[in-house]
Each structure stands twice: as structure tokens, then as C-alpha cells.
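Structural description and commentary
Listed below, chain by chain, are the residues.
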Amino acid sequence: MEQSFYNQLAGQSIAGEPLPRQIALDLLTSDQVELLPLLSAAFEVRKKFRGKEVSLHILNNAQNGHCSENCGYCAQGRTSRADIEEYPLKSDAEIFAEAKNAHEKGADCYCMVFSGRGPSAARVAHIARLIRQIKAKYPSLEICVSAGLLDDGKAAALKEAGLDRLNHNLNTSQRNYPRVCTTHSYADRINTLTAARRARIRLCSGMIAGIGETPHDILEVAYALRELAVESIPVNFYIPIEGNALGPATGLSPDYCLRVLCLFRLLNPKAEIRAAAGRELHLRSMQVMALYPADSLFLDGYLNTKGDDRRRTLQMIQDAGFTISSDHPVEGLLGKEGDAREVSPDGSVGQISMKKLPDLRLFMPSATP
Ligand code: SF4
């Protein structure tokens, strides 16, 4: 393709015009579309709306396992035989300590993840209490909750407590959904997002690439998230944990993963786009290139797998000339006294125990709420 094609992609995206479907498909599938100018076009859009900052998110599994649902990609699902550490809800003190840890590590957003189909009224009241306590102590720390399906009343209660974002991923297209989960539907997920929207909670919703979807399915999700004007979009790359119901990841290469990130940026120009779970495994040596379309990363791993070491991620951001959006400058976080002691011999990192989590570089992850 001529350079004018890529210039037009960036121009249309910045102007808020949706890409025609055939062109969007070509970005993923046509060898006429070169990766480097595509990344450059996506970067133009990223720079325009998101600057050169990278926001960092730290996940906290407030509860692991014990889930009634059968999402085939998830190590916590009822059909998974993955060897994960299951635990009921952590104590308030543990959760609060982890929020403090996230704040001190420079995270912009602290994500509390609760496994399960959806919270009871009592669980919603409990989460609301936690949000109030964390917000009172760390007002600049955004709080995101992932707790499954919500209705209007539950969404309103969380909003009233100070919830900034609700994470509820679409994960895959409506067409592909029954392949990966039968205990709830794509429509249930859309209904939760619209309930949160009615409660004026910002939305964090994304997808998992590599779970048997076609490029058309990826397009469906990207256009659906555009339609919902989702503010934060985690793009996960599936890493199957042994024992999960789904088989190996399908169709992912570093080149393809980067094209997916570019597509999401061009279709959702103002959104925070996160190169989320699986970036280490599937982007490999191309990982740093994800920062051109994406402006957000997870720090310190995922729900049931480790990610790259924090210092390596921060160093990558700094080496590529990006900055982190945080109260804590990256130089300070890299040079912080005591870092060497933060990863102890048993693998625990700060307050977030990684002891029983499989190493991403050896195995793979799974749960993406
Ligand atoms: S993704 Fe969430 S709802 Fe699905 S099995 Fe995992 S914890 Fe349960």
C-alpha cells in the first residue's frame, strides 16, 4: 500500500470516522498492509489523544476459583482442571494492603477481581465498603472492579461508593461466544455494560484474541466496543493454562497481535488501549512495539500467571521514550531503594503473592475477567 493509505487511516480515525469493514479486515489479514507503517498510523492517533504516556494497572484477585461459570479460557471456571491456588474472599486488611502496594508501585488503577457469575447484594455492599475505604486513603488511585454480571441497582450502589470503572470484558464475538461459555451469554455481558453505563460508571471492556475466533469476530468486538464508547479496552492474548477447557491459543503471532492492537486503536481512537494478558508470551521480542498503538499495560502479571518482572516493564517503557502516567516517576520506581528485596526467593512480590502462580514464560495464563 502507498503511504497515502496509512495517512488516510490515521486521518479518518482522528476525525472520528469508523473504518470501512473491508479495510479493517485488511489490516488484520492482507499482506499488502505493512506492519511498520500501520504501527506508525496507529501511533499518530495514540499521540493525538493519549500522548506518549503509559498507564499502569495492577490486578488483585480478591478471590480465586470457586466459580459456577464455565468460561473455557479461565482457570477458575468449573470445567477447568488447572492447578491453581483457590481461595475464598481475602480479608479487608489483605485487600487494603494490596491497594497500598499498587499505589506505591506507581499504578494508576487498582483492579479488584472477584470470581463468579455475579455478586449478591451482600457482596455488593461489601465491595462498596472496600471502595470507600481505599478512596479515602488514596484518592488519586482509580478503582476498577470486576465482579461478573450486574443489574442497574448493583451498578448504582457501586457508583455511589466511588467506583471509577467496571471491568466486564466482551471477550469474543456473539457468534463465537457459545464456543467458549454456555453458562451465560454475550447478551448478558452487553446488559451488564449497559447497566454500568446507565449508572455513569466508566467502562473497561475488551477481548481475548486466540480463543478460536476469526478475524471477523475480532472486528465484531472492536466495532461493538466502539458502539458502546468504552473508555478502556484491554486486549488480551490467550495463554492456555494446562487443564483449561479450551485448547491451545489459535492464530497468534507477534505480527498479528500488533495488527489487532492497531485495529483497536484506529477504531477506538480516544480509548485507553491496554496490551493486556499474554503480551510477554505472544509478542515476545516485538513487545515494545505494542506501546505505539497501546497506551496501557498490566504490571506484575495477571490473575493466574506471572508476567514480566515490574522493573523490566518499566525499563522497556523508559527505553522506548514513553513516560508513565503516575504520581511516581519511572526513574524513581526503577531506582527505588529496596527493589532488590521485593522479589523474595519464594517468588512473592510485595504484598501480592505469586508463590503458586505458574510462570508465564513456562506455562501460560488464563482468567481474564
Ligand atoms: S471468567 Fe469469571 S465468570 Fe468466567 S469462569 Fe472465570 S471467574 Fe468465572
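Please read these numbers as outputs of a predicted model, since none were measured by experiment. (Residues numbered from 1 in each chain as written. Predicted model: local features only at pLDDT ≥ 70, side-chain atom pairs only at ≥ 80, totals over all residues. Heavy atoms only, no water.)

**Points about the overall build of the protein chain**
Inclusion rule: For helices the rule is a DSSP run of H or I covering at least 4 residues; for strands it is a run of E covering at least 2, with both sets numbered from the N terminus onward. Between buried and exposed lies partly exposed: a residue is buried under 20% and exposed over 50% of the maximum accessible area for its type, with that area taken using a 1.4 Å probe on protein chains only. By definition, residues are in contact when any of their heavy atoms lie within 4.5 Å. To measure how exposed things are, a 1.4 Å probe is used in the Shrake-Rupley method; for residues, cover is taken only from the protein chains shown.
Scanning the protein chain from N- to C-terminus turns up 14 helices and ten strands. Split into buried and exposed, the 369 residues of the protein chain put 60% on the buried side. Sequence-distant contacts in the protein chain: of pairs separated by 6 or more residues, those separated by 24 or more amount to 77%. Surface exposure of the protein chain reaches about 14500 Å², of which carbon and sulfur atoms provide 52%.

**Details of the packing of helix α1 (residues 3-14) against helix α3 (residues 35-50)**
Let me state the cut-off plainly: Under this scheme, a helix contributes an axis fitted over its contacting stretch, all axes are lines through C-alpha atoms, and angles between N-to-C directions fall in the 0 to 180 degree range. For classification purposes, angles smaller than 35 degrees are called roughly parallel, those larger than 145 roughly antiparallel, those between 65 and 115 roughly perpendicular, and all remaining angles oblique. What makes a crossing left-handed is the near helix being turned counterclockwise from the far one by less than a right angle; a clockwise turn instead makes it right-handed. Gly is placed with the polar residues, together with every amino acid not listed as nonpolar (Ala, Val, Leu, Ile, Met, Phe, Trp, Tyr, Cys and Pro) or charged (Asp, Glu, Lys and Arg).
The interhelical angle for the contact between α1 and α3, taken along N-to-C directions, is 25°, at an axis separation of 9 Å. By the angle between their axes, α1 is roughly parallel relative to α3. Where α1 crosses over α3, the two elements pack in a sense that is right-handed. Counted together, Gln3, Tyr6, Leu9, Ala10, Ser13 and Ile14 of α1 and Pro37, Leu38, Ala41, Glu44, Val45, Lys48 and Phe49 of α3 form the full contact between these two elements. Taken together, the residues of the contact of α1 with α3 break down into nine nonpolar, two polar and two charged.

**Remarks on helix α2 (residues 21-29)**
Residues spaced three or four apart along an α-helix face the same direction, because each turn holds 3.6 residues. Among all positions of α2, only Ala24, Leu25, Asp26, Leu27 and Leu28 are buried. Buried positions along α2 lie against α1, α3, α9 (215-227) and α10 (254-267).

**Re the confidence of the model for the protein chain**
Detailed reading of the predicted coordinates is not advisable wherever pLDDT is low. Quick reminder of the rule: A residue's pLDDT is the predictor's confidence in that residue, given on a scale from 0 to 100.
Of all residues in the protein chain, 85% have pLDDT values of 70 or greater, and the mean over the chain is 85. Taken together, the stretch residues 337-369 has pLDDT below 50 and engages in 94 contacts with residues farther than four places along the chain or on a different chain.

**With respect to the pairing of strand β3 (residues 142-146)**
Side chains on a regular strand alternate between the two faces of the sheet. Selection criterion: Handedness of a crossover is defined as follows: orient the strands so they point away from the viewer, and if the path from the first strand over the helix to the second runs clockwise, the crossover is right-handed. For two strands to pair, DSSP has to find at least two bridges joining them.
The element β3 is extensively covered by neighbouring structure, given that five of its five residues are classed as buried. Once the chain exits strand β2 (residues 109-113) it traverses helix α5 (residues 121-137) before rejoining the sheet at β3, and the crossover so formed is right-handed. Where β3 meets strand β4 (residues 165-167), two bridges bridge the pair, whose relative direction is parallel. For Cys144, the partnering residue across the bridge sits in β4 and is Arg165. Where the polypeptide runs from β3 across helix α6 (residues 152-161) and back to β4, its parallel neighbour, the crossover connection is right-handed.

**A few points about unusual backbone geometry**
Positive phi outside glycine occurs at Arg200, with the angle close to 65°. Inspection of the secondary structure assignment puts Arg200 in the loop between α8 (186-198) and β5 (202-204). At Arg284, a position not held by glycine, the phi torsion is positive, near 45°. Secondary-structure assignment places Arg284 in the loop between α11 (279-283) and β9 (296-298).

**Things to note about the site of the ligand**
Quick reminder of the rule: By convention in this text, a residue qualifies as near a molecule or strand provided that one of its non-hydrogen atoms is within 4 Å of it.
For the ligand, the full set of nearby residues is Cys67, Glu69, Cys71, Tyr73, Cys74, Gly77, Ser115 and Gly116. Residue classes in the shell around the ligand are distributed as four nonpolar, three polar and one charged.

**Quick notes on the nonpolar core**
Generally speaking, a soluble globular protein has its nonpolar side chains buried in company with each other. Rule in force here: Take the buried Ala, Val, Leu, Ile, Met, Phe, Trp, Tyr and Cys residues and link them wherever side-chain atoms come within 4.5 Å; each set so joined is a nonpolar core.
Membership of the largest hydrophobic core comes to 102 residues, with the highest contact counts inside it found for Met112 and Phe264. Examining the composition of this core, we find that ten residues originate from one element, α10, more than from any other. When neighbours within four sequence positions are excluded, Phe264 is seen to be in contact with Met207, Ile218, Val221, Ala222, Leu225, Ile233, Val235 and Ile273. Among the nonpolar cores identified, the runner-up in size contains eight residues, and Val113, Cys144, Cys204 and Phe298 belong to it.

**Some words on the pattern of salt bridges**
Here is the rule we go by: Salt bridges are defined by distance alone: a side-chain nitrogen of Lys or Arg within 4 Å of a carboxyl oxygen of Asp or Glu.
One pass over the structure, following the stated rule, counts 18 salt bridges. The closest approach of N and O atoms between Glu160 and Arg132, which form a salt bridge, is 2.8 Å. Of the two residues, Glu160 sits in helix α6 while Arg132 sits in helix α5, which places them 28 residues apart along the sequence. Taking relative accessible area as the criterion, Glu160 reaches 59% and is therefore assigned exposed. Across the pair Glu280 and Arg279 runs a salt bridge, and its minimum N-O distance is 3.7 Å. Accessibility assignment for this pair places Glu280 and Arg279 in one class, buried. Taken together, the shared-partner salt bridges connect Glu142, Arg165, Arg202, Glu272 and Arg274 into one network.

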